[in-house]
Structure formats: C-alpha cells, structure tokens
Amino acid sequence: MKTSALSRSNGSLQMLILLLLGFALTCDNTSVSSDDDARNGFENENEWLVPEHQIIDGGPGKDGIPPIENPKFSNAAEVTFIPDHRRVIGMIKDGQPTAYPYQILDWHEIVNDESHVTMTFCPLTATGIAWSPKQGPDFGTSGLIFRNNLIAYDRKTESLWSQMRLRAIHGEHLGASIDPLNVLDTTWETWKAMYPDSRVLNTDTGYSREYEKYAYGRTYSEMDGVILFPTVNRTDTRLDAKDRVHGIFTEDSLDEDSDVRVYEYSAFGEDITTLQDEFQGEKFVIVGSTRLSFVIAYKSELNGEELEFEPVQDELPAVMVDQTGTKWNVFGEAVSGPNTGNRLFPAKSYSGYWFAFRDMFNLPEIYGFES
C-alpha cells in the first residue's frame, strides 16, 4: 500500500480554493435551471445508465465552460506559451501530428474540430479522449459531473455522455458507445522531440483566459488530498490518488463492472520499455517511458500473426521494433522494414489519474501489482 504525506496536508483549505477556482470558470455564465424535473436544463425524468444521485451540478452551468468551436493552430516552432513540463494530448489528424495543450483544454474541456473530431478533456480526472461523432463534432459541456468526470452533451439531441464510460448515459442516444481515437498524453518536451513540425492548438480561442497559468491551481495535479468532488471509493489505496495510469478495455459498452487493466506510468523504465500482455483473451503491446512521460497500447497482432516487440531508443517518434526488423512509431505506424505501411490496431484505452479509474470501475486490475 502506498501512503502520501501530501494527502494529509491542508485538504479543507485546498478544497475551498479549488471550489472558488472552479466557479471562476463561469466567466461566460449560463444559468442553472431551478426546475426539479431538470438538471442544468436537461430533462431528468428519463432513464439513467449511472446512479442518478451521483450526478452532481459542477457549478458553471450548461456551456458555462465554453467549448472551442473554431480551433486555430500554430506550428510547434512558433509556440512559446507552453513550458516543457506541461502536458499535451497529441494525435494524428488528417495525416498531421496535432497537439492540444492541457493549458487550453483546462479552460474549455471540449474542442469541436473542423475535421469531424471532438476532443474532450476532463481536468479533474486528467482524461483526454477524442472521437469522431456520427452526428458531427457539435458537443457542449453540460455542467454536470459523474464521479468527478466530465459529462458532455450533443447539441442535436441533448443526450448526455459520460467521458470515461465512453457512452451516452441519458437521453435519446442512451447506451450508445464511443470508439475513442488514438491519442498520446505526454509532456510538451517529449511531443516536440517526437513531432517538431506538428500543429498545436493556439490561444486564439475567442475567449480571454490566463492560458499560461493553471486553471485549477498548480497543486491540483500533485496533491492526493485535493479532489474537487466526493469520491465513491476511498478504500482502494493500492496506488496514490493522483498517480498517472493508462487503462485498457476490451468491452464495447462500459459500466461499473467492466474489466479494465491499468499500467502505471511510473512502472516503466527511464528508457522506452515494451510490455507484452494478454487481457481478456486479447494480446497487447504497451510501450512507455517514465522519463518521456508517456504510455500507449496496441493490439500486438497484425494480419493474424502475433508480433514480438523490443524497445527502440533515441529514434523518436520510433519507439519499438518487431521480430521482422520493422520499426514502429508511437502511433502504431510501421515506418521502416518489411511491414512498412501497416498500422497496429490501437487498444481501447486512455490515460488519467488512478483515483478516476478506481472510482469509475469496480476493482480495476493493476499490471504487476501483488497485494
């Protein structure tokens, strides 16, 4: 069991500070409905796929945290507002490496991109998840929270979507699932080393925000005792609450009892490390590095053949090589060797804080953990 002195330090004071910061996000304040049959203007009487009493009003109201509707991008070489240690969510979009800085996502949580991609980010759980909505990238922030995690809504039907559950939990699309796109959560320093010519979401958002600062305070990501809303599982202390992990799933529809296995960022070596693992009958390769601060996962079969991987050092964005001599980059693309042009199928997975996984799912497995 891990313990943390930070988790015992000034929790009440920090909580008050964070609550005030949270309400400060309501610069574009939207009023919250007082109708007992509605939550933030969303109908409340129909079925929920999660415990209704755990749906919490986050404070800012519907679209009180304004999504970015017309994102603007700069070349990485032109970006000066991101310190090397701050984090970004990166992906390959329309063939181009594209990064979304935490510093902007913290203040907006949703980016409705022009290329049919919706990027969502929950600052409270540190989960960045992108998908290509069938109904188009037209999502807003509901102002509602489920177990500290973002609930988005689609503007066409006002269905409510749980980000970490990857599905609609209320409304017309009830039960519909999201297929997450392949994204990388890492530091700006690592991303620049991988893709120095990438596009980067810039601060020309149409809103005035202090993007160079921390929307929820500098210590939120560091202090275990600072969690903004109540948690449902405080007894599972196998990891510290704010330990960063990468979780993989095999089920199409996620609920309380879905199987999930998580991999600690801190369990990977300073150098790039590959892990071959089997979970729920499927075989995966998980590649990561503590020093480079990333973990990402792929299915390890290609055209029916199981591949064996070894790490590659100092050749970013190439991170691993298979038994045929093919080198693969961090986004699962074969960049040299016999398998060039092929692509690994990404695991259904995302990164976030440990407490978020332990709250959202019942007893997640931890790779390599012995009780």
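Preceding this section is the structure that the text describes.
Residues numbered from 1 in each chain as written. Predicted model: local features only at pLDDT ≥ 70, side-chain atom pairs only at ≥ 80, totals over all residues. Heavy atoms only, no water.

Asks: Break down the overall build of the protein chain for me, citing the residues and quoting the values.
Replies: Each helix and strand in the protein chain was counted, giving 4 helices and 28 strands. Buried residues in the protein chain amount to 57% of all 371 residues. Counted over contacts in the protein chain with a minimum sequence separation of 6, partners at least 24 positions apart contribute 61%. Taken as a whole, the protein chain presents about 15500 Å² of accessible surface, with 46% of it coming from carbon and sulfur. (Helix = DSSP H or I, 4+ residues; strand = E, 2+ residues; numbered from the N terminus. Buried < 20%, exposed > 50% of the residue type's maximum accessible area, 1.4 Å probe, protein only. Contact = heavy atoms within 4.5 Å. Areas by Shrake-Rupley, 256 points an atom, 1.4 Å probe, with all protein chains shown as cover.)

Asks: Give me the lowdown on the sheet that holds strand S9 (residues 127–131), citing residues and values where you can.
Replies: Across the sheet, 3 strands lie side by side as S7-S8-S9; this open sheet has antiparallel pairing. At either end of the open sheet lies a strand with only one pairing partner, and these are strand S7 (110–112) and S9. Between one strand and the next, the sheet's axes are offset by a mean angle of 10 degrees, whatever the strand orientation. Pairing between S7 and strand S8 (residues 118–122): 3 bridges, direction antiparallel. (Pairing = 2+ DSSP bridges. Axes fitted to C-alpha atoms, helices over the stretch in contact; angles between N-to-C directions.)

Asks: With reference to specific residues and values, describe the nonpolar core.
Replies: Counting 96 residues, the largest nonpolar core has Met119, Phe294, Met320, Val330, Phe357 and Phe361 as its most contacted members. Of all the elements, helix H4 (residues 354–360) adds the most residues to this core, at 5 residues. In this view, Val330 contacts Leu184, Met194, Tyr195, Phe294, Ile296, Tyr298, Pro317 and Val319; residues no more than four positions away in its chain are not counted. In this structure, Tyr263, Tyr265, Phe284 and Ala297 belong to the second largest nonpolar core, which totals 11 residues. (Core = buried A, V, L, I, M, F, W, Y, C linked by side-chain atoms within 4.5 Å.)

Asks: Tell me about unusual backbone geometry, and please be specific about residues and values.
Replies: The omega torsion across Leu316 and Pro317 is 10 degrees, close enough to zero to call that bond cis. With respect to the element layout, Pro317 can be found in the loop between strand S23 (309–311) and strand S24 (318–322). Here Arg147, not a glycine, exhibits a phi torsion of approximately 50 degrees, which is positive. Along the chain, the position of Arg147 falls in the loop between strand S10 (139–146) and strand S11 (149–154). Of note in this structure, Asn303 is not a glycine but carries a positive phi near 55 degrees. As for its position among the elements, Asn303 is in the loop between strand S21 (301–302) and strand S22 (305–306).

Asks: Give me the lowdown on the packing of aromatic side chains, citing residues and values where you can.
Replies: Summed over the entire model, instances satisfying the criterion amount to 15 aromatic pairs. Judged by centre distance (6.3 Å) and plane angle (75 degrees), the ring pair of Phe309 and Trp328 falls under edge-to-face. Taken together, the residues Phe309 in strand S23 and Trp328 in strand S25 (residues 327–329) connect sequence positions 19 residues apart. We note that Phe309, like Trp328, is buried. Taken together through their ring pairs, the aromatic side chains of Tyr216, Tyr220, Tyr353 and Phe355 make up a single cluster. One Lys or Arg, Arg86, reaches over the ring of Tyr214 and ends 3.7 Å from the middle of that ring. (Phe/Tyr/Trp six-rings, centres within 6.5 Å; stacked < 30°, edge-to-face > 60°. Lys NZ or Arg CZ within 6 Å of the ring centre and 35° of its normal.)

Asks: Would you mind going over the pairing of strand S13 (residues 167–170) in detail, with residue names and values included?
Replies: When strand S12 (residues 160–162) meets S13, the two strands line up antiparallel, connected through 3 bridges. Its bridge partner lying in S13, Trp161 is registered against Ala168. Connecting the antiparallel pair S12 and S13 is a turn made up of 4 residues, with Leu166 showing a positive phi of about 60 degrees.

Asks: Break down the pairing of S9 for me, with residues and values.
Replies: Of all the 5 residues making up S9, 5 are buried; the element is thus mostly covered by neighbouring parts of the structure. Looking at chain direction, S8 and S9 are connected through 5 bridges and run antiparallel. Each bridged residue has a counterpart across the sheet, and for Thr120 the counterpart in S9 is Ile129.

Asks: Mind laying out the sheet that holds strand S4 (residues 73–75), listing which residues take part and the relevant values?
Replies: The strand order across the open sheet formed by 5 strands is S4-S15-S6-S5-S14, and the pairing between neighbours is mixed. Each of the sheet's edge strands pairs with one partner strand only, and the pair in question is S4 and strand S14 (184–187). Shown here is a sheet whose adjacent strand axes are inclined to one another by a mean of 35 degrees, direction ignored.

Purely spatial values, then, with no claim about function.
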